[in-house]
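Structural description and commentary
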Amino acid sequence: MDPIKLQIKITKLLDSLAGSTLTKQEILGKIAPSFSTKTDKKEKSKKNRFKPKDNNMEWVLTSLLKSLESEGLVHLEHKKVRIANPFRLYGRISVSRKGDGFVSLPSKSEVFIPFHHVNSAISGDKVEVLPVCLGRKDRFEGNVTTIVKRGRTLYRVKITEDTGKLLIGNMLDMLGDGKEGYVVKKTLLKDTLDRIRIGDVIIAKLKDDSVPENHLYEMTFVQLESEINEDPDLNRVLMKYDLSIQHPDDIPVDFPETIDQKTVKDWDKRVDLRELYSVTIDGETAKDFDDAISFEKQNGKIRFWVHIADVSHYVVTDSPLDKEAYRRGTSVYLSNRVVPMLPPILSENLCSLIANTPRLAFTVEMEASLTGEIFSAKFYKSIIQVNQRYTYEMAETEINEANPENWIFQISQFTTALRKARMKSGRVDLNLKEVAISLDKKNQPTGIITKPRLQSHILIEELMLSANLKVDEYLRKKKIPNLHRIHEAMDEEKLETLNQFLQMYGVNTTIADTSYPEIMNAVQSINDEKIERLFSYILLRSFMQAYYGEESKGHWGLGFKDYCHFTSPIRRYPDLIVHRILESYLFQEEGCYSLEELKFIGTHCSEEERRAADAERDIQKLRSFRYLESTGRNKFDGFIVGIRPGQIYIELQESNLEGILEKTEFTNEFELLIRNDFSFYSQKYTKDFFIGDKVEVEIQRIDYEEIKLYLTLKGFESKGKK
């Protein structure tokens, strides 16, 4: 019998018996009447991805059950099999251009959905999936059974056809081909209908009861995109990622405006630190101040405090406010606008550590040596009053003055020692630039700015890292389930690529393994600034993506055995979870969250973090393109930073923007002849091009729909003649 067909039979049976407990023999007994465990001659001749012995029914069942258990769909106890109810997997779907779906699961694995089983799902939707069998590389294949929640509320649709009764158009800002929407013309007012032309983009909603046919979805008209008056690029990104700057009106936020003994129930249980000198150091335009710091030298030692906004005092578990914060997962910073996780009354007022105002905090008090060794840490709820609000630039000025009596300079000396100690013990520190867009009062881009990494940035980073590390270390030692920030080690398979790069560019170093000393030794062995930037770029792409999870796996990039996010609860939901966990232990309450709950929360928050990063990247590129267009300049120097069979990726030297050279710029063949990961041969110019090569390019076009910059190559003539 074909093992795939057998697996499908088993999963259908398990689905029909969801919530039941059976033995393996009982499961086999229920499917045995229909299928034989023996393999007939015809099936022996069939090619399948299983070995012949895998046709044994019991072997297939056991293997399948183990995989199902890893996803929480069954629980195996001796000979018993307890089936989950419902027998379903849940995750967010991404639909490829071919129409196949890929559903990300809490376990970090993925379910493949063949295009004919995607149902009406659209990229970004949260879906319910019935697993049907194990496919290639033991990855589940399944069917989408239900759309749990649409990934977005509003859609952009470019009108392509007027049938007389319907307006039909292509749905924009989506993965996958062939998704179309239509609006019934009789549902529109006459003056609205008169304003819509072929080629116009409309904003529309999916009808809840719409059952799509051939990827055609019925929609309800909202407005013409051209009639959006305020910042269309921002509105587009908000729609694409289903973000809302405003919080729902029905969420109660009626908190007392003052913070004192009368308004705070646990006032007497808190440590009063209002007389302790403390400051905040943030960006010039910041409004949400999560953290403040205090610092003292005592008998040749350092005592320092990291005070974090006590958001958990206001955001009660399972309250409407908490549910909305969880849904958002994170604040999203879109150029000069913020989509806040918490409403402004909290994020910019009551929770924000505003200077000269009493505020509730969760404090981590630490003692350390002058050389950066932290001896002890304790944690408690507190009341603080920030004495001064510094910007990074203000703090940088005092650090550069190097006055040994200056308080900020003294902290900087300590955090420099902290950083040096951590670099020795293992941290991958890359020299990467941060790029920002400057805007005028009308939100029009006026320039592309490269932000330097200041010593004041490092000062705050090291103190926050210390608090995060010590909180996670404390909870681990107490065996308290926690939501960790996890960064797993780089895949060993990436080392060959990195070593090829070093060899190609004449760096006399070989990376033996993925340990911190090996990686940093390679970085420090590169003397050429351009090659170092390229290596850092390739190295960064080799890293595993950090995420939130219930397992204590450490943070490879930082070199920490213990790490969680504790220091930004105003803008990150995982930090709020960690606050609640630490508080429940300190006050001897029952544990807040089970490991299963933390796993689920971690998956959701990791997804929302990635969505936020994508949204921030989109607005950055759109703003940058608008600026380039406004300058009228179209010729640039750039560097080759990526190679694909059909496209070459170029980083523009002055802006760090990435553009695309199509293969036709280099060859008339079907695709480029790629020598290795770092070079390709150009048939047009009869020469090899390498990662890092400087090229002169010209803007061919800016595709605002794809959010891509297309370039043409300048300065070369065919057959290598210049």
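The structure under discussion appears in the preceding block.
Residues numbered from 1 in each chain as written. Predicted model: local features only at pLDDT ≥ 70, side-chain atom pairs only at ≥ 80, totals over all residues. Heavy atoms only, no water.

Some words on the side chain of S606
Heads up, the rule is: Secondary structure counts use DSSP, requiring at least four H or I residues in a row for a helix and at least two E residues in a row for a strand, with both numbered from the N terminus. Two residues form a contact once any of their heavy atoms are found within 4.5 Å.
With respect to the secondary-structure elements, S606 resides in helix α16 (residues 595-631). Beyond its immediate sequence surroundings of up to four residues, S606 is in contact with Y547 and Y548.

Things to note about the packing of helix α11 (residues 455-477) against helix α15 (residues 573-586)
Two numbers describe a pair of packed helices, the interaxial angle and the distance between the axes. What counts, and what does not: What counts as an axis is a line fitted to C-alpha atoms, over the stretch in contact for a helix, and the angles between N-to-C directions run from 0 to 180 degrees. Angles are sorted into four bins: roughly parallel if under 35 degrees, roughly antiparallel if over 145, roughly perpendicular if 65 to 115, and oblique for all others. Left-handed describes a crossing whose near helix is turned anticlockwise from the far helix by less than a right angle; the clockwise case is right-handed.
At a minimum axis separation of 11 Å, α11 and α15 run at an interaxial angle of 50°. Overall, the two elements α11 and α15 adopt an arrangement that is oblique. In the packing of α11 onto α15, the handedness of the crossing is left-handed. The segment α11 lies against α15, with V471, Y474 and L475 engaging V578, I581, L582, Y585 and L586.

So, the sheet that holds strand β3 (residues 80-83)
Applicable threshold: A pair of strands is considered paired only if DSSP assigns at least 2 bridges between the two.
Spatial ordering of the open sheet is given by β1-β3-β2, a layout of three strands whose pairing is antiparallel. Either end of the sheet is taken by a strand with one partner, and the two such strands are β1 (21-23) and β2 (74-77). Across the sheet, the mean angle separating the axes of adjacent strands is 25° when strand polarity is ignored. In terms of strand pairing, β1 meets β3 through three bridges, oriented antiparallel. Bridging across to β3, T23 finds its partner in K80. Packing against the sheet, helix α2 (residues 24-31) makes contact with β1 and β3, and its axis sits at approximately 85° to β1. Contacts from helix α4 (residues 57-70) reach β2 and β3 within the one sheet, and its direction differs from that of β2 by about 115°.

Some details on the packing of helix α7 (residues 320-328) against α16
Rule in force here: Under this grouping Gly is polar, as are all residues other than the nonpolar Ala, Val, Leu, Ile, Met, Phe, Trp, Tyr, Cys and Pro and the charged Asp, Glu, Lys and Arg.
Two numbers describe how α7 lies on α16: the axes approach to 8 Å, and their chain directions differ by 60°. Between α7 and α16, the angle falls in the class oblique. Facing α7, whose interface residues are Y326, R327 and R328, α16 presents F600, I601, H604 and E608. When grouped by side-chain class, the residues that make up the contact of α7 with α16 number three nonpolar, one polar and three charged.

With respect to the layout of surface pockets
Sizing a probe to match a water molecule and rolling it over the atoms shows the empty space that remains. Applicable threshold: A pocket, in this scheme, is an open set of points on a 1 Å grid over the protein atoms alone with protein on both sides within 12 Å along at least 5 of 7 lines, while a cavity is a set where a 1.4 Å probe fits but cannot get out; residues line either one if an atom lies within 4 Å of a point. Grid points are joined across faces, edges and corners, and a volume is the space filled by probe spheres set on the points.
Roughly 580 Å³ of internal volume is contained in the second largest pocket. Taken together, 29 residues make up the lining of the second largest pocket; nearest its centre are R92, K126, H604, E607 and E608. Secondary-structure elements contributing two or more residues to the lining of the second largest pocket are β4 (89-95), β7 (126-134), β8 (140-149), α7 and α16. Residue composition of the lining of the second largest pocket, grouped by class: eleven nonpolar, eight polar and ten charged.

Description of the sheet that holds strand β11 (residues 180-184)
The strand order around the closed barrel formed by five strands is β9-β10-β11-β13-β12, and the pairing between neighbours is mixed. Across the sheet, the axes of successive neighbouring strands diverge by a mean angle of 55°, strand direction being ignored. Of the strand pairs in this sheet, strand β12 (residues 201-206) and strand β13 (residues 216-224) are connected by five bridges, and their pairing is antiparallel. Residue pairing for β13: K205 is matched across the bridge by T220.

A few points about empty space enclosed by the protein
Under the counting rule described, the total for this entry stands at two cavities of 30 Å³ or more. Of the pockets and cavities examined, the largest cavity occupies roughly 40 Å³. Surrounding the largest cavity, V95, G99, F115, V118, N119, A121, K179 and H215 form its lining. When grouped by side-chain class, the residues that make up the lining of the largest cavity number four nonpolar, three polar and one charged.

Side note on the state of the cysteines
Our working rule: When two cysteine sulfur atoms are found within 2.5 Å, that pair is recorded as a disulfide.
Applying the stated criterion across every chain, the model contains zero disulfides. Sulfur of C351: no disulfide; nearest cysteine sulfur belongs to C605 and is 17 Å away. Free of any disulfide, C592 has its nearest cysteine sulfur in C564, 14 Å distant.

That is the geometry; function is a separate question.
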